[in-house]
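Analysis of the macromolecular model
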Amino acid sequence: MSFATPEDARKHRNIYLAVLVALAVLTGVTVLVAQMHFLSTPMAVAVALLVACIKGGLVASFFMHLISEKTTLYGILVICVVFFFVLLLLPLATEFTNVST
Amino acid sequence: MSASIEIPCDITPHPVTGMYNGKFGVWLFLASEVMLFGALFSSYILLRVGAPEAGPLAWPDYRTNHLNVPLATVNTMVLILSSVTVVFAWYYLQLHKFAAARACLLATIGLALVFMVIKYFEYSHKFHDGLYPSTHNFYAVYFTLTGLHGLHVLGGIIVFAYLVGPGAAMWKYNPAKFTNRIECAGLYWHFVDLVWIFLFPSIYLL
């Protein structure tokens, strides 16, 4: 990836700065929601993970330039994400085992 | 007699993957890292869900876990800022402004060191309070996940120190390849930031 014109470069610089501001604001939101303790635990978990996913999406899309990457890479990352969720769901499988025994 | 071997597609995109080989390799490495941290997060969920509701083995909450949220929030901002300095290093190299890029890389190293110093204070406070990985499953998870992440930060510091120091000589004879190296190191660094983005709420806030 490279910049075609000075205007293109300026656009990228502005995007990076906007993402920085967004990440700072979202970090503040995460801490505020968690510290105020006005949400139930499942709700707090859902909000914290949702905000983390948005922040992660911003970093991956704009800092790692995933938004403008080649489709080959998307294929690899989709496989990676699928197996990541399989790993996360493994504890659930052990819960099923506990029920049946 | 000496012969130099041309390494294919180290600057130009590979016809199959559509990107230069180094970048493709880093993405594959990052995919394996997702699996590594994924397994640890999975263990964390299993231990947390399986912990008893009450008693000494109960999972500590924000009132009892001895974690310093303000310090961790500062560390989150430090890592986010370091991600921005890395991306700006690459940006300035694209514009052929080497001095500005170097300043950004030095800022990244500085911010990474700040992160490690804060982590040192966090860890020493835990040890002072007699909290070790063997104390409770919660601290085992805390030290394993943050420790492994800290090792990744240390790895990043070493890579960036090389690229700012002896590795920077490449800019003079092969600027395109040097820019690619910064991009690859940057991808790794953004991943380290990404892991912390999920670690921070999971361990410190929930």
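Cut-offs and rules
Residues numbered from 1 in each chain as written. Chains lettered and ligands numbered in written order. Predicted model: local features only at pLDDT ≥ 70, side-chain atom pairs only at ≥ 80, totals over all residues. Heavy atoms only, no water. Helix = DSSP H or I, 4+ residues; strand = E, 2+ residues; numbered from the N terminus. Rg over C-alpha atoms; globule rule 2.2 N^0.38 Å. Buried < 20%, exposed > 50% of the residue type's maximum accessible area, 1.4 Å probe, protein only. Contact = heavy atoms within 4.5 Å. Areas by Shrake-Rupley, 256 points an atom, 1.4 Å probe, with all protein chains shown as cover. Lys, Arg positive; Asp, Glu negative; His and termini not counted. Charge placed at Lys NZ, Arg CZ, Asp CG, Glu CD. Salt bridge = Lys/Arg side-chain N within 4 Å of Asp/Glu carboxyl O. Domains from an automatic or database assignment. Polar contact = N/O pair within 3.5 Å; in protein donor to acceptor, adjacent residues only side chain to side chain. Nonpolar A, V, L, I, M, F, W, Y, C, P; charged D, E, K, R; others polar.

**Some words on the overall build of chain A**
A tally of regular secondary structure across chain A gives three helices and zero strands. In sequence order, chain A lays out its α and β elements as α-α-α. For 101 residues, the compact-globule estimate of 2.2 N^0.38 gives 13 Å, and the C-alpha radius of gyration of chain A, at 19 Å, exceeds that figure by more than 25%. Along the three orthogonal principal directions, the C-alpha set of chain A runs to about 65 × 40 × 10 Å. In chain A, which comprises 101 residues, the proportion classed as buried is 34%. Taking the intrachain contacts of chain A between residues at least 6 apart in sequence as the baseline, contacts between residues at least 24 apart amount to 57%. Of the roughly 6,000 Å² of accessible surface on chain A, 76% is carried by carbon and sulfur atoms. Looking at charge distribution, chain A has the averaged site of its 5 positive side-chain charges lying 10 Å from that of its 4 negative ones.

**Quick word on the side chain of aspartate 193 of chain B**
With respect to the helices and strands, aspartate 193 of chain B occurs in helix H6 (residues 175-205). This buried residue, aspartate 193 of chain B, is left without a salt bridge; lysine 55 of chain A holds the nearest opposite charge, at 7.4 Å. Residues within four places of aspartate 193 of chain B in sequence aside, it is in contact with Val59 of chain A together with Leu79, Ile80 and Ser83 of chain B.

**Brief notes about the domain arrangement of chain A**
Residues and elements named next belong to chain A. What the domain assignment lists for chain A is domain 1 (1-69) and domain 2 (70-101). Taking only C-alpha atoms, the centre of domain 1 and the centre of domain 2 are 24 Å apart. Contacts between the two partners involve four residues from domain 1, matched on the other side by five residues from domain 2. Summed over the shared surface of domain 1 and domain 2, the number is two residue pairs in polar contact (both at pLDDT 80 or more). Per-class residue counts for the side of domain 1 that touches domain 2 are two nonpolar, one polar and one charged.

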